[in-house]
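# Observations on the model geometry
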Amino acid sequence: MSANARAGEQGADLSVGDGRDVDVVVTHFEDPQRLRWVLDSLAAQDDSSLRLHVVVADDGSATPPSVPDGVTLLRQANEGFRAAAVRNLGARAGSSPVVLFLDGDTVPTPGYCAAMVDALREASREAPGAGALVVGARRHADLSAVAARGDDVVSWCAATDPEAPADGDVLAAPQWLRDGYTRTNDLRDAGDGDWRLVISAVMGMTRDAFERLDGFDESLVGYGGEDWDLAYRAWNTGVALRHAPAAVAWHDGPDAGERADLAQLKEGEQLALAARIPQPDVRGRHGIWRAPRVVVFWRPARTVAPSGEYAALESWLALADVGIWCGERRPEVLTHDPRVCAGEPSDEVLQRAEFIVDVMQPCVLRDAEGLLAACDGAPWVGAGVTAARTRHRTNVDENRRNDRVAGPVESSADASPIVDTVPADGPLDLEAWGRRRWS
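A quick note: this is a predicted structure, and the numbers were derived from the prediction, not measured.

What follows is about the overall build of the protein chain. Helix and strand counts for the protein chain come out as 16 helices and 17 strands. Residues counted as buried form 54% of the 439 residues belonging to the protein chain. As presented, the protein chain carries roughly 18700 Å² of accessible surface, and 49% of it is formed by carbon and sulfur atoms.

This paragraph deals with the pairing of strand β4 (residues 98-103). The element β4 is largely enclosed, with a buried count of six among its six residues. Burial along β4 is two-sided: the residues Val98, Leu100 and Leu102 and Val99, Phe101 and Asp103 are all buried. The pairing of strand β1 (residues 21-28) with β4 spans six bridges and is parallel. Across the sheet, Val25 pairs through a bridge with Phe101, a residue of β4. Of the strand pairs in this sheet, β4 and strand β8 (residues 202-206) are connected by five bridges, and their pairing is antiparallel. Bridge assignment links Val98 to a residue of β8, and that residue is Thr206.

Right, let's get into the packing of aromatic side chains. This model, assessed by the stated rule, comprises six aromatic pairs. Taking the centre distance of 5.6 Å and the plane angle of 40° together, the rings of Phe101 and Phe210 count as tilted. In this pair, Phe101 sits in strand β4 while Phe210 sits in helix α8 (residues 207-212), placing the two residues 109 residues apart along the sequence. Pair check on accessibility: Phe101 and Phe210 agree, each one buried. Between Trp156 and Trp250 the ring centres are 5.1 Å apart and the planes differ by 70°, which places this aromatic pair in the edge-to-face class. Of the two residues, Trp156 is situated in helix α6 (residues 153-159) and Trp250 in strand β9 (residues 240-252); the sequence distance between them amounts to 94 residues. Judged by its relative accessible area of 0%, Trp250 falls in the buried class.

Here we take up the pattern of salt bridges. Across all of its chains, the model carries 42 salt bridges by this definition. For Glu218, the salt bridge identified is with Arg92, shortest N-O distance 2.9 Å. Of this pair, Glu218 sits in the loop between α8 and α9 (226-236) while Arg92 sits in helix α3 (residues 83-92), and the two are 126 residues apart along the sequence. Residue Glu218 is classed as partly exposed on the basis of its relative accessible area, which comes to 36%. Notably, a salt bridge pairs Arg339 with Asp337, separated by 2.9 Å at the nearest N-O pair. In terms of burial, Arg339 and Asp337 fall into one category: buried. Connected via shared salt-bridge partners are Asp217, Asp229, Arg233, Arg276, Arg290, Glu348 and Arg352.

The subject of this paragraph is helix α7 (residues 175-183). Listing the buried residues of α7 in full gives Leu177, Gly180 and Tyr181. Seen from one end, α7 has its buried residues packed into an arc of 95°, which puts them on one side. In α7, the exposed residues that point more than 90 degrees away from the buried face are Thr182 and Arg183. For α7, the elements touching its buried residues are β6 (132-141) and β9. Just downstream of α7, Asn185 is the residue with a positive phi angle, here 55°.

Calculation criteria
Residues numbered from 1 in each chain as written. Predicted model: local features only at pLDDT ≥ 70, side-chain atom pairs only at ≥ 80, totals over all residues. Heavy atoms only, no water. Helix = DSSP H or I, 4+ residues; strand = E, 2+ residues; numbered from the N terminus. Buried < 20%, exposed > 50% of the residue type's maximum accessible area, 1.4 Å probe, protein only. Areas by Shrake-Rupley, 256 points an atom, 1.4 Å probe, with all protein chains shown as cover. Pairing = 2+ DSSP bridges. Phe/Tyr/Trp six-rings, centres within 6.5 Å; stacked < 30°, edge-to-face > 60°. Salt bridge = Lys/Arg side-chain N within 4 Å of Asp/Glu carboxyl O. Arc of directions from axis to C-beta. Contact = heavy atoms within 4.5 Å.

Structural measurements only, silent on function.
Below, the structure written as structure tokens:
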């Protein structure tokens, strides 16, 4: 019997939606036996008030998998390992306020879906309007050995203690994940690099957050990275992260950390993420990227001589991993620097940028690192500049258009050591300015 057929019709008032509808996307490729275990386990979920809408998203298997009545099968062409694209395919087919993702070799326990929904409800209440992302507890076991000796895999997963030590069928779970969840209070206190604690094999999101972020990045092809990229963008834009330890699912086989080809796989993943996640420990500090670490909106309310504008803009390039967007007016200086451009940054660029700076008066940046440190905990304002972490802005899309930051902001008392205005009275002596700056 399908999950849809056995799910009850009782509604509930959830902050994650108006009802109890849940879309469950199961990814699959050439693995019908494990897929059957996953679908049977979804049909055996113990909260009958949830209306599960199960979608199997197939990444180009040569033979389409067989699915029960009530389960939707969607397929894409086999064009390489495209986990991001196939998850989006499944998610976009639904409309429920909650979307859960399961890999086709990861068998959920009977309370998995209910625990994920409960965690999403709790987390979304802490971030009104931003939504939530939850990661479950993936455990590892030799489920193929369980099946080979004739035991029922679904029953074994339901009955086995997820905290059992590695012995026989139960395999070791990654200790670094356990330590990370403990350190962050199950991601309630997630910091700069804790998006690494999210794994899409056992992940769920509120649909509003998933759609606002445009889902997984489909340009990622190959092993890994798509979950960390989405988790980073979610965290960076204020989506509440949460780990749900009660949402247990069993993966058939050891953790990927035990793969013989791990180093090669991780190299590709790390290079892909360097282009997308602008944190210095991911990509360094000195490259020129399509998605920079710092976005500067250059919107001076008054004009200065070209030499003054050159001095000002050049000083902001000290942020290094930066893009300066000048709106409709393209400055006449620094025309060959790709970091200085006309127009507006895309929503994708804004989702990835760690810092957003509005420059409303022509001014010189004197202390690049000091500016970023000053707005680490709250927005910083001084001498015609507003700087904030993207996480601290109320809404990235709205702020892109209206140049506003969250909450009342007062000018910082020590503004002058960080920025200084450019005089309005005529040309600037660039040689003298350069000697003062660099001497």
